[in-house]
Amino acid sequence: MTCGRQNERRAGLALAAAALLLAGCGQSADTKGADGAKGGAAAGASASAAASASAKASVAPLGPGEVRVGGEVAKPYSVTLADLRKLPQASVEVTFTSAKGEQRHTYKGVPLNDVLKTAEPRFDAAKKNGQLRGFVSATGGGDYRAVFAWAEIDPGFAKSQVLLAVSEDGVAFDDAAGPRLVVPQDTKGGRYVSELNQLWVGVVDPVVDGAK
């Protein structure tokens, strides 16, 4: 009787020891798995940060008065006031209101459409009037920004020409300040972007289709 109880006790201890051993192995595996996941996440974050830093480094800083033309274009490039003065010019008399009251000026410059065509915007030719899905973001000093529908600057649709002005009332803009965007059809001067430094071409499809 005593011998039977001892055997049962030994069997119970053996089972308990086996259970503890298995539990320890499982915990170790879970810990390793968690550590591995953390390591993978850290590696992914590092790779992402490195890619972001590389992308930023690949974009050369703008010089004074330089305008970068990019976005959905085949040939991104930069242009300066000196470059613009060498191109065919247009002149326009405008009247608009601003915080200073009514403004009347004569501007001389290059049609915005001509500057953008040089970059060859990538619109979907398979879609009817695919260019009408396009837009242009203009950024100036102090991160000031205004947006235009492509039809507003395309002479095939618009009656007036948006200009990258190189002078105002016969006075040339300072080379370091860059050109000024002039919008003859606007009654307010909000989109007359000064110290222009970026023109970005985009299409609405990714936003509109993504919202469905």
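Above this text you will find the structure in question.
Computed from a prediction, not measured in an experiment: that's the story for all the values here.

J.: Can you lay out the sheet that holds strand β2 (residues 77-79) for me, pointing to particular residues and giving the numbers?
T.: Strand order in the open sheet formed by 5 strands is β2-β1-β10-β5-β6, with mixed pairing between adjacent strands. Two strands bound the open sheet, and with one partner strand each, they are β2 and β6 (145-149). Adjacent strand axes in the sheet meet at a mean angle of 20°, parallel and antiparallel pairs treated alike. Bridging between strand β5 (residues 134-139) and strand β10 (residues 198-203) involves 6 bridges; their strand directions are antiparallel. Residue pairing across strands places S137 opposite W200, the latter belonging to β10.

J.: Pulling in residues and values, what's your account of the pairing of β5?
T.: For β5, the tally of buried residues reaches 5 of 6 residues, placing the bulk of the element in the interior. Direction of pairing for β5 relative to β6: antiparallel, over a ladder of 5 bridges. Counted as the bridge partner of S137 is V147 from β6. Counting the residues in the hairpin turn of β5 and β6 gives 5 residues, including G142, whose phi is positive at 70°.

Conventions and cut-offs
Residues numbered from 1 in each chain as written. Predicted model: local features only at pLDDT ≥ 70, side-chain atom pairs only at ≥ 80, totals over all residues. Heavy atoms only, no water. Pairing = 2+ DSSP bridges. Helix = DSSP H or I, 4+ residues; strand = E, 2+ residues; numbered from the N terminus. Axes fitted to C-alpha atoms, helices over the stretch in contact; angles between N-to-C directions. Buried < 20%, exposed > 50% of the residue type's maximum accessible area, 1.4 Å probe, protein only.

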